[in-house]
Amino acid sequence: MPALVTCQRPIEPHTRRVHVLITAGPTREPLDPVRFLTNRSSGKMGYALAQAFIHAGHSVLLISGPTALDVPERVDFIPVETAAEMHAAVAHCLARMDIAVFAAAVADYTPARVAPHKIKKAGATLTLELVRTPDILGAARSGFGFSGTLVGFAAETEHLEANARAKLVGKHCDLIIANDVSTAGCGFDSDTNEVLLVYPDHNEALPAASKLALAHRLVTAIVALHERPGN
Ligand code: C5P
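Residues numbered from 1 in each chain as written. Predicted model: local features only at pLDDT ≥ 70, side-chain atom pairs only at ≥ 80, totals over all residues. Heavy atoms only, no water.

A.B. asks: Now, about the overall build of the chain: what can you tell me, with residues and values included?
C.D. replies: Within the chain, the regular secondary structure consists of 5 helices and 12 strands. Seen along its three principal axes, the alpha-carbon backbone of the chain occupies a region of about 65 × 40 × 35 Å. Sequence separation of 24 or more characterises 61% of the internal contacts of the chain that already satisfy a separation of 6 or more. Surface summary for the chain: the accessible area is close to 11900 Å², and the carbon and sulfur share equals 54%. For the chain, the distance from the average site of its 21 positive side-chain charges to the average site of its 23 negative ones is 5 Å. (Helix = DSSP H or I, 4+ residues; strand = E, 2+ residues; numbered from the N terminus. Contact = heavy atoms within 4.5 Å. Areas by Shrake-Rupley, 256 points an atom, 1.4 Å probe, with all protein chains shown as cover. Lys, Arg positive; Asp, Glu negative; His and termini not counted. Charge placed at Lys NZ, Arg CZ, Asp CG, Glu CD.)

In structure tokens form, the structure reads like this:
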């Protein structure tokens, strides 16, 4: 694991420096030595959040699946490939964090078996057996005992608010950042995003913006949530 690098940037006088864990990017679920299942996540939103938390003076541990992005300066980084590896890395690090933001597009299923050799073409069809991956965000409270501020993402193509609210409750989050991925220029593999913030008692729509501009607004909202009275 990389050594902890201390952030030099002065922080807003009224804000405590917090430790933030971010998951980002896709996962890669291997089928055989040369093939894997994955998705279109670029990791841009998670990396922009990492950069924005650092800019605001906080410390960041980024746990990321494979992306084409450079790791932002001063960010601690754990590269992973599979959902199982991401789950293990989060399990190992979450307890010492104040805030956790789960922006990764984790594969929901993984091949039941990884073939030891390249799968040869044979019949006209090939049936793969897939099994569920661990729900990392879903395990944060009950499995890992995390009591800090917990933020998840919801990428939806319909019933945005209702689906996001079900995730907020079901995964015991403080905030779900929801985006409609059927809208052009929004979400997966895009430079811009338009999100709905779904809190336990209200929603807030943020207008479309670049992922970095949006990340700065999200950091302000997440830190304010973390610092609310009673926390
Ligand atoms: O249930 P769904 O996959 O739509 O939930 C999305 C949220 O849950 C995201 O924050 C994602 O990072 C997280 N997640 C996870 N582990 C999974 C699946 C999703 O952490 N196996």
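A.B. asks: Hey, could you go over the nonpolar core for me, with residue numbers and the actual values?
C.D. replies: Judged by nonpolar contacts, the single largest core of 35 residues is most densely connected at Leu 49, Phe 53, Val 101 and Leu 218. Excluding residues within four positions of it along the chain, Val 101 makes contact with Val 20, Leu 21, Ile 22, Thr 23, Leu 49, Phe 53, Val 151, Phe 153 and Ile 222. Grouped together as the second largest cluster of nonpolar side chains are 27 residues, Val 90, Met 97, Ala 140 and Leu 196 included. (Core = buried A, V, L, I, M, F, W, Y, C linked by side-chain atoms within 4.5 Å. Buried < 20%, exposed > 50% of the residue type's maximum accessible area, 1.4 Å probe, protein only.)

A.B. asks: Help me get a handle on helix α2 (residues 83–93), residues and values and all.
C.D. replies: By the burial criterion, the buried members of α2 are Ala 83, Met 86, Ala 89, Val 90 and Cys 93. The buried residues of α2 occupy an angular sector of 125° when the element is viewed end-on, so they sit on one face. In this fold, the buried residues of α2 make contact with β1 (19–24), β2 (29–32), β4 (59–64), β5 (76–79), β6 (99–102) and α3 (136–142). (Arc of directions from axis to C-beta.)

A.B. asks: Which residues make up the environment of Val 169, and what values do they have?
C.D. replies: For Val 169, the position within the fold is in helix α4 (residues 160–170). Residue classification places Val 169 among the exposed positions, given a relative accessible area of 57%. Taking the C-alpha atoms as reference, Val 169 lies 22 Å from Val 20; in sequence the two are 149 residues apart.

A.B. asks: Explain the pairing of β6 residue by residue, including any values.
C.D. replies: Across the two faces of β6 the burial is the same, with Ile 99 and Val 101 and Ala 100 and Phe 102 all buried. Here β1 pairs with β6 via 4 bridges, running parallel. Within β6, the position partnered with Thr 23 by the bridge is Phe 102. Here β6 runs beside strand β9 (residues 149–156); their pairing, made up of 4 bridges, is parallel. The residue of β9 that forms the bridge with Ala 100 is Leu 150. (Pairing = 2+ DSSP bridges.)

A.B. asks: So, helix α1 (residues 44–55): which residues are in play, and what are the values?
C.D. replies: Here α1 spans 16 Å end to end across 12 residues, near enough to the 16 Å set by a 1.5 Å rise per residue. In terms of burial, α1 is largely enclosed, as 9 of its 12 residues are buried. Considered for burial, the residues of α1 that qualify are Met 45, Gly 46, Tyr 47, Ala 48, Leu 49, Ala 50, Ala 52, Phe 53 and Ile 54. With its phi angle positive at about 95°, Gly 57 sits one or two positions after the end of α1. (Expected span 1.5 Å × (residues − 1).)

A.B. asks: Outline the site of the ligand, supporting the account with residue identities and numerical values.
C.D. replies: In the neighbourhood of the ligand, the contacting residues comprise Phe 102, Ala 104, Val 106, Thr 133, Pro 134, Asp 135, Ile 136, Leu 137, Gly 152, Phe 153, Lys 167 and Lys 171. The contact in question runs from a nitrogen atom of the ligand to an N or O atom on the backbone of Pro 134, over 2.8 Å. Within the side chain of Lys 167, one N or O atom sits 2.6 Å away from an oxygen atom of the ligand. Look at the ligand: alone it shows 450 Å² of surface, and the protein chains cover 83% of it. Sorting the residues of the shell around the ligand by element identifies α3 and β9 as the ones contributing at least two each. (Near = heavy atom within 4 Å. Polar contact = N/O pair within 3.5 Å; in protein donor to acceptor, adjacent residues only side chain to side chain.)

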